[in-house]
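Next come the chains, spelled out residue by residue.
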Amino acid sequence: MSIKDITVVITTFKSKKKIKKCLNSIDRQSKVLLIENSNDSSIKESIEKEFSNVECILAGRNIGYGSANNIGLKKVTTKYALILNPDATLHPSALENFIRTTEKISEFAIMAPYIQEKKNSNDKNYLKNISPVSVENVKGFAMFLNLPKFKDIGFFDEIFFFYFEEIDLCKRVVDHGKKIYLVPDIKIDHEGGV
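Everything numeric here is computed off the predicted structure, so don't read it as measured data.

K.L.:
So what's going on with the overall build of the protein? Which residues, and what values?
P.N.:
Counting its secondary structure elements, the protein contains five helices and ten strands. When each of the 194 residues of the protein is scored for burial, the buried share is 52%. Of the contacts made within the protein by residues no fewer than 6 positions apart, 75% connect residues no fewer than 24 positions apart. For the protein, the accessible surface area stands at approximately 9600 Å², while carbon and sulfur atoms represent 51% of it.

Okay, here's the thing in structure tokens:
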């Protein structure tokens with residue numbers, strides 16, 4: 001397994017300035033599917049010209065976070081997908097640490113980093129436990145999905161336009177007896193609410 005086994009899925013809405021910092025933090029060996037919730041072809045052209053590993057798909061209009069992510073997830077051909085918010089940035093070891101953790105806990109459905117929002121930057125609780133922790137839900141800014149585990153669950157419920165769609169997805173994962181983990185040594189910064 002390598003980071004080539006991960007496809008990053010990002011949903012944006014006219015986030016042309018914000019998204020470049022995020023894309024620059026992703027190793028160019030990883031394929032990125034960026035779903036732009038508009039019909040702005042200049043965003044698509046600009047992003048694909050600058051980032052050879054990114055395919056930008058125009059949704060045509062703002063169809064919401066869950067629906068746009070589903071467009072990306074249905075196009076993924078790798079075993080794993082990382083759903084990432086456009087205001088998140090990966091630490092250099094993040095993708096490798098996800099892969100390393102899949103070798104320790106292969107039965108997971110979702111993995112996520114310990115919350116790394118700037119407003120929580122003084123929170124050092126993640127240092128107390130360096131092992132993955134089984135939880136019932138995770139924040140949606142960075143969700144690492146083991147795609148074969150979703151065949152009988154599906155992805156996001158498209159009734160949710162924005163907010164709570166990750167809580168619903170996590171609940172369905174748990175209700176199907178599948179596992180969700182927080183992984184303290186995976187670092188992803190999230191500006192939060194941007």
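K.L.:
So, the pattern of salt bridges: which residues are in play, and what are the values?
P.N.:
Oppositely charged side chains are able to pair whenever their charged atoms sit close together. Per the counting criterion, the structure on display carries six salt bridges. Between K31 and E55 there is a salt bridge whose closest N-O contact spans 3.4 Å. In this pair, K31 sits in strand β2 (residues 31-36) while E55 sits in strand β3 (residues 54-58), placing the two residues 24 residues apart along the sequence. K31 sits in the partly exposed class, given a relative accessible area of 39%. Between K44 and E48 there is a salt bridge, with the nearest N and O atoms lying 2.9 Å from each other. Placement of the pair is K44 and E48 together in helix α2 (residues 41-50), with a separation of four residues, close to one helical turn. Connected through salt bridges with shared partners, the residues K31, E55 and K75 form a single ionic network.

K.L.:
Describe the sheet that holds strand β4 (residues 80-84), and please don't skip the residues or the numbers.
P.N.:
On the basis of which strands lie adjacent, the open sheet formed by eight strands has the order β3-β2-β1-β4-β8-β6-β9-β7 and mixed pairing. Since the sheet does not close on itself, it has two edges, and those belong to β3 and β7 (133-135), each with one partner. Geometrically, the sheet is characterised by an average inter-axis angle of 25 degrees between neighbouring strands, direction not taken into account. As paired elements, strand β6 (residues 108-113) and strand β8 (residues 142-146) share two bridges and run antiparallel to each other. For M111, the partnering residue across the bridge sits in β8 and is F144.

K.L.:
Any details on the nonpolar core? Residues and values, ideally.
P.N.:
One broad trend across soluble globular proteins is that nonpolar side chains are buried collectively. Judged by nonpolar contacts, the single largest core of 34 residues is most densely connected at I10, L23, I26, L82, L84 and I188. Those residues within four positions of I26 in sequence are excluded, and the remaining contacts are V8, I10, V32, L84, L90 and L95. Listed in part, the 24 residues of the second largest apolar core include L33, F150, L169 and C170.

K.L.:
Tell me about the pairing of β3, and please be specific about residues and values.
P.N.:
Bridge count between β2 and β3: five bridges; the pairing is parallel. The residue of β3 that forms the bridge with L34 is C56. Chirality of the crossover, the property in question, places the unit of β2, α2 and β3 among those that are right-handed.

K.L.:
Can you break down helix α1 (residues 16-24) residue by residue, with the values?
P.N.:
When we look at burial in α1, the residues that qualify are I19, C22 and L23. Summarising the axial view, the buried residues of α1 lie within an arc of 95 degrees, below the 170-degree limit, and thus occupy one face. On the buried face of α1, the contacting elements are β1 (6-12), β2, α2, β3, β4 and β5 (88-90).

K.L.:
Which residues make up the environment of V8, and what values go with them?
P.N.:
Tracing the sequence through the fold places V8 in strand β1. The exposure class assigned to V8 is buried, which follows from its relative accessible area of 0%. Between the C-alpha atoms of V8 and K31, which are 23 residues apart in sequence, the distance is 6.3 Å. Ignoring any residue separated from it by four or fewer positions in sequence, one finds V8 in contact with I26, K31, V32, L33, L82 and L84.

Thresholds, definitions, all that
Residues numbered from 1 in each chain as written. Predicted model: local features only at pLDDT ≥ 70, side-chain atom pairs only at ≥ 80, totals over all residues. Heavy atoms only, no water. Helix = DSSP H or I, 4+ residues; strand = E, 2+ residues; numbered from the N terminus. Buried < 20%, exposed > 50% of the residue type's maximum accessible area, 1.4 Å probe, protein only. Contact = heavy atoms within 4.5 Å. Areas by Shrake-Rupley, 256 points an atom, 1.4 Å probe, with all protein chains shown as cover. Salt bridge = Lys/Arg side-chain N within 4 Å of Asp/Glu carboxyl O. Pairing = 2+ DSSP bridges. Axes fitted to C-alpha atoms, helices over the stretch in contact; angles between N-to-C directions. Core = buried A, V, L, I, M, F, W, Y, C linked by side-chain atoms within 4.5 Å. Right-handed = clockwise from strand over helix to strand, strands pointing away. Arc of directions from axis to C-beta.

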